[in-house]
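Topology and contacts: notes
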Amino acid sequence: MSIKTILIDDEPKAIAILKSKIERFCPELDIIATIEKPAQAFDIINELQPQLVFIDIAMPGMSGFDVLEQFKNPQFEIIFATAFDQYALDAIKQCAIGYLVKPIDNEDLVESVTNATININQKNALLKNKQLLENISQENFQKKKIVIPSTDGLEFVKVKTITHCEGVDGYTKIHFTNRKPILSSSSIGHFKKLLTHPDFYHIHKSYVVNTTHIVKYLNDGYVVLSSDATIPVARAKRAEFLERFRG
């Protein structure tokens, strides 16, 4: 029996690689659609009713978690893909949902598909998916800590205390509500992917902002944070930003 499968990833190359691996190592999967725009996923999944969905976590505009949260009762089996999102892995592991770390290993793929097949036969996806949604809720997210490599070692910080991340010459300065900033050797792109929760918004090529700390939008295209920091909003993002926060 073939398993109706959908692949979701904003990177065409990543979809092509995963599709090729599935065709070689998991012939029991029938790929009925591939989706590069996560905003389209809800309608396509509802229309095609897949049994299994592979989905990237860190995608611009809408994360894999955002896609899942659109479903009231998600009964399809899920295998997440992620590069380095420790928070995401913790949330996924806690409810025994499949995940693959990029670059995807062939043996890991086969193992995840084998487990997914068992789960499909046992029809227990709904319970696990509801548990995942609970794990990634606002309350639980605010309790999470992430690990930040700094010039002094490893810093363990609560996500909710981060006001914004600032890209500086290939490094990232992380600003907080309750302590001095940390300078990390990781780029701003790393933190854009790490902080995939809807509270965090990639407001500018050099800034990721915790929107719960935004107190004002200025007409010249800047936001003011609760810390009094003034952050530019990229010109190309202003319309999207205002639309997002008007509601």
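Residues numbered from 1 in each chain as written. Predicted model: local features only at pLDDT ≥ 70, side-chain atom pairs only at ≥ 80, totals over all residues. Heavy atoms only, no water.

**Re the overall build of the chain**
Looking only at helices and strands, the chain has 9 helices and 15 strands in total. Going through the 247 residues of the chain one by one, you find that 48% of them count as buried. Contacts spanning at least 24 positions in sequence make up 57% of the contacts within the chain whose residues lie at least 6 apart. For the chain, the exposed surface amounts to about 12900 Å²; the carbon and sulfur share of it is 50%. (Helix = DSSP H or I, 4+ residues; strand = E, 2+ residues; numbered from the N terminus. Buried < 20%, exposed > 50% of the residue type's maximum accessible area, 1.4 Å probe, protein only. Contact = heavy atoms within 4.5 Å. Areas by Shrake-Rupley, 256 points an atom, 1.4 Å probe, with all protein chains shown as cover.)

**Considerations on the nonpolar core**
One broad trend across soluble globular proteins is that nonpolar side chains are buried collectively. Ranked by internal contacts, the top residues of the largest apolar core, which has 21 residues, are Ile 8, Ile 45, Ile 55 and Phe 80. Within the residue set of this core, elements represented by two or more residues are β1 (3–8), β2 (29–35), α2 (41–48), β3 (52–56), α3 (64–69), β4 (77–82) and α6 (125–135). Tallying contributions element by element places α3 first for this core, with 3 residues. Discounting chain neighbours no more than four positions away, the residues touching Ile 45 are Ile 6, Ile 8, Pro 50, Val 53, Phe 71 and Phe 76. (Core = buried A, V, L, I, M, F, W, Y, C linked by side-chain atoms within 4.5 Å.)

**Points about the sheet that holds strand β14 (residues 222–225)**
Judged by pairing direction, the sheet is antiparallel, and its 3 strands sit side by side in the order β13-β14-β15 without closing on themselves. Looking at strand neighbours, the two that pair on one side only are β13 (214–218) and β15 (230–232), the edges of this open sheet. Taken pair by pair, the neighbouring strands of this sheet meet at an average axis angle of 25°, ignoring direction. Direction of pairing for β14 relative to β15: antiparallel, over a ladder of 3 bridges. Across the sheet, residue Val 224 finds its bridge partner in β15, namely Thr 230. (Pairing = 2+ DSSP bridges. Axes fitted to C-alpha atoms, helices over the stretch in contact; angles between N-to-C directions.)

**Topic: the sheet that holds β2**
The strand order β2-β1-β3-β4-β5 describes an open sheet built from 5 strands, whose pairing is parallel. Because the sheet does not close on itself, it has two edges, and the strands there are β2 and β5 (98–101). Strand-to-strand twist of the sheet, defined as the mean angle between neighbouring strand axes without regard to direction, takes the value 20°. When β4 meets β5, the two strands line up parallel, connected through 4 bridges. Each residue of the ladder has a partner; that of Thr 82, found in β5, is Val 101. Where helix α1 (residues 12–25) meets the sheet, its contacts fall on β1, β2 and β3, and the angle it forms with β2 comes to roughly 175°.

Purely geometric stuff here, so don't read any function into it on its own.
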